[in-house]
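Chains, contacts and geometry: an overview
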Amino acid sequence: MPRRTNDMRKHIITELSDEQEAMLPIYRDKWRSIQISTESIQQEKATEVIKAAYAVSDYPEPEILFYSSPMMAIEKILTIENFKMYLGRDIHRKFSKRLLDHE
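Conventions and cut-offs
- Residues numbered from 1 in each chain as written.
- Predicted model: local features only at pLDDT ≥ 70, side-chain atom pairs only at ≥ 80, totals over all residues.
- Heavy atoms only, no water.
- Helix = DSSP H or I, 4+ residues; strand = E, 2+ residues; numbered from the N terminus.
- Buried < 20%, exposed > 50% of the residue type's maximum accessible area, 1.4 Å probe, protein only.
- Contact = heavy atoms within 4.5 Å.
- Polar contact = N/O pair within 3.5 Å; in protein donor to acceptor, adjacent residues only side chain to side chain.
- Salt bridge = Lys/Arg side-chain N within 4 Å of Asp/Glu carboxyl O.
- 1 Å grid on protein atoms, 1.4 Å probe; cavity = no way out; pocket = protein on both sides within 12 Å on 5 of 7 lines; lining within 4 Å.
- Points joined across faces, edges and corners; volume = space filled by probe spheres on them.
- Nonpolar A, V, L, I, M, F, W, Y, C, P; charged D, E, K, R; others polar.
- pLDDT = per-residue confidence, 0-100.
- Patch = residues over 30% accessible without salt bridge, like charges linked within 9 Å, V, L, I, M, F, W, Y side chains within 5 Å.
- Areas by Shrake-Rupley, 256 points an atom, 1.4 Å probe, with all protein chains shown as cover.
- Arc of directions from axis to C-beta.

1. What about the overall build of the chain?
- Looking only at helices and strands, one finds 5 helices and 0 strands in the chain.
- Going from N to C terminus, the chain has its helices and strands arranged as α-α-α-α-α.
- Put simply, the chain has 103 residues, and 9% of those count as buried.
- Taking all contacts inside the chain whose residues are at least 6 apart in sequence as the whole, residues at least 24 apart take part in 39%.

Structure representation (structure tokens):
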């Protein structure tokens, strides 16, 4: 896949066609069903998609980890020395607020 360069213009959508507008409820329902799904993630497929996205970005590919529950992921992250630095800029505040405060 080609890497995105600075001279590649971003295409910003400012209007939808009638056909696109008509498709919105279908996409909304599709993503709602995904949102509330309790099926296990397909790790291989998710890894492929993440790697593909990073291949076309200007960001280095991250380490991809999977856990059986959000709480297991939180527990693992909290064992990392200086996890705030590991998570990056101020994300530790968002992480703490959204996950740890909801126990």
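The rest of the description comes next.
2. Details of the side chain of Ser57
- By the element assignment, Ser57 lies in the loop between α2 (43-55) and α3 (70-78).
- Here the side chain of Ser57 touches Tyr54 through a polar contact of 3.1 Å, landing on its backbone oxygen.
- A polar contact is formed between the side chain of Ser57 and the backbone nitrogen of Tyr59, at a distance of 3.1 Å.

3. Some words on the pattern of salt bridges
- Tallying each qualifying case throughout the model produces 2 salt bridges.
- Salt-bridge contacts for Arg28 lead to Asp29; the nearest nitrogen and oxygen are separated by 3.5 Å.
- Of the charged contacts, one joins Lys51 and Glu61 as a salt bridge, the two residues approaching to 3.6 Å between their closest N and O atoms. Placement of Lys51 in helix α2 and of Glu61 in the loop between α2 and α3 is noted, with a sequence separation of 10 residues between them.
- On the basis of relative accessible area, Lys51 is assigned to the partly exposed category, the value being 39%.
- On the basis of relative accessibility, which here comes to 48%, the residue Glu61 falls in the partly exposed class.

4. Here's the deal with the layout of surface pockets
- Taken as a whole, the second largest pocket encloses approximately 330 Å³ of empty space.
- If one sorts the elements of the lining of the second largest pocket by residue count, α2 sits on top with 3 residues.
- Of the residues assigned to the lining of the second largest pocket, the class counts are 4 nonpolar, 3 polar and 2 charged.

5. Some points on the confidence of the model for the chain
- Of the residues in the chain, 74% reach a pLDDT of 70 or more, and the chain-wide mean stands at 82.
- The least confident element of the chain is helix α5 (residues 91-99), whose mean pLDDT is 65; the most confident is helix α1 (residues 18-35), at 95.

6. With respect to a nonpolar patch on the surface
- Taken together, Ile13, Leu16 and Leu24 make up a surface patch of nonpolar side chains, about 270 Å² in accessible area.
- Topologically, Ile13 is positioned in the segment before α1.
- The exposure class assigned to Ile13 is exposed, which follows from its relative accessible area of 57%.

7. A look at α3
- Looking at α3, one finds that the buried residues are Ala73, Ile74 and Ile77. The buried residues of α3 occupy an angular sector of 100° when projected down its axis, which confines them to one face.

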